[in-house]
Amino acid sequence: MGGCFSDVRGGKQAVGVGLTGTTMSPIPISNATVNDAVDHFFLARGFQQLFTPLEVVPLPLSLSASRLRDRDILSKSDPMVVVYSKKRDGTLEELGRTEVIMNSLDPTWIKKITVAYHFEIVQPLIFHVYDVDTKYYNLPVEMLKLNDAEFLGEGSCVLSEIVTKQGQSLTLDLHNRNGNRGLKNLGKLTVHAEETVASRNAIEVKFRCSRLENKDLFSKSDPFLRISRIVENGGSVPICKTEVVDNNLNPIWRPLCLTMQQFVSEDNPLIIECFDFNSSGNHVLIGNLQKSVADLEKLHEQKTSANFILPSSAHHGHGKVLKGQLFVDHFSEKQLYSFIDYVSSGFELNFMVAVDFTASNGHPRDPDSLHYIDPSGRFNAYQQAIMEVGEVIQFYDSDRHFPAWGFGGVTNGAVSHCFNLNGSASGIEVEGVQGIMAAYASALNHVGLAGPTLFGPVINNAAEIAGQSLSCNSRKYFVLLIITDGVLIDLQETKDALVRASDLPLSILIVRVGGADFKQMANSTGRVATRDIVQFVPMREVLAGGQTSVAQALLEELPGQFLTYMRNRDITPDAGNIAQTSASYASIY
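Remember, predicted model here, so these are calculated numbers, not experimental data.

Reading guide: rules and limits
- Residues numbered from 1 in each chain as written.
- Predicted model: local features only at pLDDT ≥ 70, side-chain atom pairs only at ≥ 80, totals over all residues.
- Heavy atoms only, no water.
- 1 Å grid on protein atoms, 1.4 Å probe; cavity = no way out; pocket = protein on both sides within 12 Å on 5 of 7 lines; lining within 4 Å.
- Points joined across faces, edges and corners; volume = space filled by probe spheres on them.
- Helix = DSSP H or I, 4+ residues; strand = E, 2+ residues; numbered from the N terminus.
- Nonpolar A, V, L, I, M, F, W, Y, C, P; charged D, E, K, R; others polar.
- Buried < 20%, exposed > 50% of the residue type's maximum accessible area, 1.4 Å probe, protein only.
- Contact = heavy atoms within 4.5 Å.
- pLDDT = per-residue confidence, 0-100.
- Phe/Tyr/Trp six-rings, centres within 6.5 Å; stacked < 30°, edge-to-face > 60°.

## Quick word on the layout of surface pockets
At step 1: Counted as a void, the second largest pocket has a volume near 600 Å³.
At step 2: If you go around the second largest pocket, you meet 24 residues; those closest to its centre are Lys86, Arg88, Ile121, Val122 and Pro124.
At step 3: Examining the composition of the lining of the second largest pocket, we find that 4 residues originate from one element, helix H7 (residues 381–393), more than from any other.
At step 4: Of the residues contributing to the lining of the second largest pocket, the split by class is 11 nonpolar, 6 polar and 7 charged.

## A look at the environment of Ser210
At step 1: Relative to the assigned elements, Ser210 resides in strand S9 (residues 201–210).
At step 2: The exposure class of Ser210 is buried, given its relative accessible area of 12%.
At step 3: Sequence separation between Ser210 and Lys323 is 113 residues, and the spatial gap between their C-alpha atoms is 8.3 Å.
At step 4: Apart from the residues within four sequence positions on either side, Ser210 is in contact with Leu249, Asn250, Lys323, Gly324, Gln325 and Phe327.

## Here we look at the confidence of the model for the chain
At step 1: Averaged over every residue, the pLDDT of the chain is 84; residues scoring 70 or more account for 82%.
At step 2: Per-residue pLDDT stays below 50 along residues 1–7; that stretch engages in 23 contacts with residues further than four places along the chain or on separate chains.
At step 3: Ignoring residues within four places in sequence, the model shows residues 19–54, a span with pLDDT below 50, making 106 contacts including any to other chains.

## Comments concerning the packing of aromatic side chains
At step 1: For the structure shown, the criterion picks out 16 aromatic pairs.
At step 2: For the ring pair Tyr342 and Phe562, a centre distance of 5.4 Å and an interplane angle of 80° mean the geometry is edge-to-face. Linking Tyr342 in helix H6 (residues 339–343) with Phe562 in helix H14 (residues 558–568), this pair joins segments that are 220 residues apart in sequence.
At step 3: For Tyr342, a relative accessible area of 1% translates into the label buried.
At step 4: According to the relative accessible area criterion, Phe562 is buried, its value standing at 1%.
At step 5: Pairwise contacts between aromatic rings join Phe119, Phe339, Tyr342, Phe347, Tyr396, Tyr477, Phe562 and Tyr565 into one cluster.

Laid out in structure tokens, this is it:
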């Protein structure tokens, strides 16, 4: 959904290379790792695409309880837990059941219930605890009719509340069904989430080449490397590519970071191919070679090189050995931590909001205005965006005090392009998402709509707050939501502000609530920053599609942007709070 446009420069970016601790050259602000031109080139030749969207993370939930009510006469209760997810319409979907533990009021269940963690949505969970009658012991728990079991209590939470707790454990008070707390002391239920990862191990490697064969007539080749993993059937799967180095037969590429999930093992053979980039998509093979990760480490340690080979049927598959050589200038092992590793270790997402008060929105009392407050309680587009995004991010912010601004409105007799939404001369923060909603509704009564639409002042204010957090070694990452209707006027100032902000712990979410054409803005800000920090979503188009919410469209890239910042600066979570597991799943976040 980002403002990414297919062009030659975009086709020259690195893909699938992980995130290194090295300062990166300019990359696209939106969808930095998506490379349609290169993907099409490989897909047309029978290879899978290099870029795949972030997958959901399965979180096994471990459950234990204490001081449950005793419903049995001659013995203690025999408890079981049923876990549900609560959908947007209020209905419950069963996710799984624990085993039954006999005669225990303080059970610890062994069976884990796995929940798919999605950062970009609110995921309410409901836990029902039952006492199962002894006559049903021989039945599998999935076949038990819950009407035949005795209800012991209910607990509820949001999945984000669990993963942001230190140690990823949350203790809930059990109560009667549907939140009825008429009966107290029904006991407690503790929920522990544990992200399962196969390995956090990764390697960082820096390649260079010398004496490559020139494939161009009027200039030098524009080389890039593609690395593929050989699979069991003898085929290969592309795992990453470097950026393109223009007009150079002795290229040096930026460091790559490859995870163990990509290369599988140090001895697994990798194919390294060198291509000459062509904007038509018909990239020309310069040469290839086959090395494992262990081989690459030896090349680095021994300061030796490997010659490329040009495949040739005339050489019966052995190919021609070329003068072009591959060198490994840097090789190191490192740990790649997940988004959950960070937030469960005390890192926070701090939410900020900026609302467009330009005249193009229409007068707030006009029912056709984008700022119209419906007496029936139905949200306008601004309210919907604030609620959907705020409800997700609030769980990652401990104090829930959010800076909120307006821009393009008249306050104190003059047009302001960044004013405090709550009307205060000094305090920029409001309390909670409802505080933002109240400040917004109040501002509509005393702020005049004006213009033009300028983003620069708001972005600079957010960047200043993010910059100040660095001086106190804060574990904070800031998220600015800009909700707007009009066409952006200050293109150059916005571009400059985004360049500066890309070096800070800050991401910017832009929602277009009106029908204005934003192509000029997207083209203008497409490739100016040192990392991807912007996600742009046209609200009407998203809602018309009906497949995803505005929050999902806006927030799906945020964990990746967060990790890019942390990994580029070698900022690590507290390792003592990270659960070490040997499960088989490789975390994507």
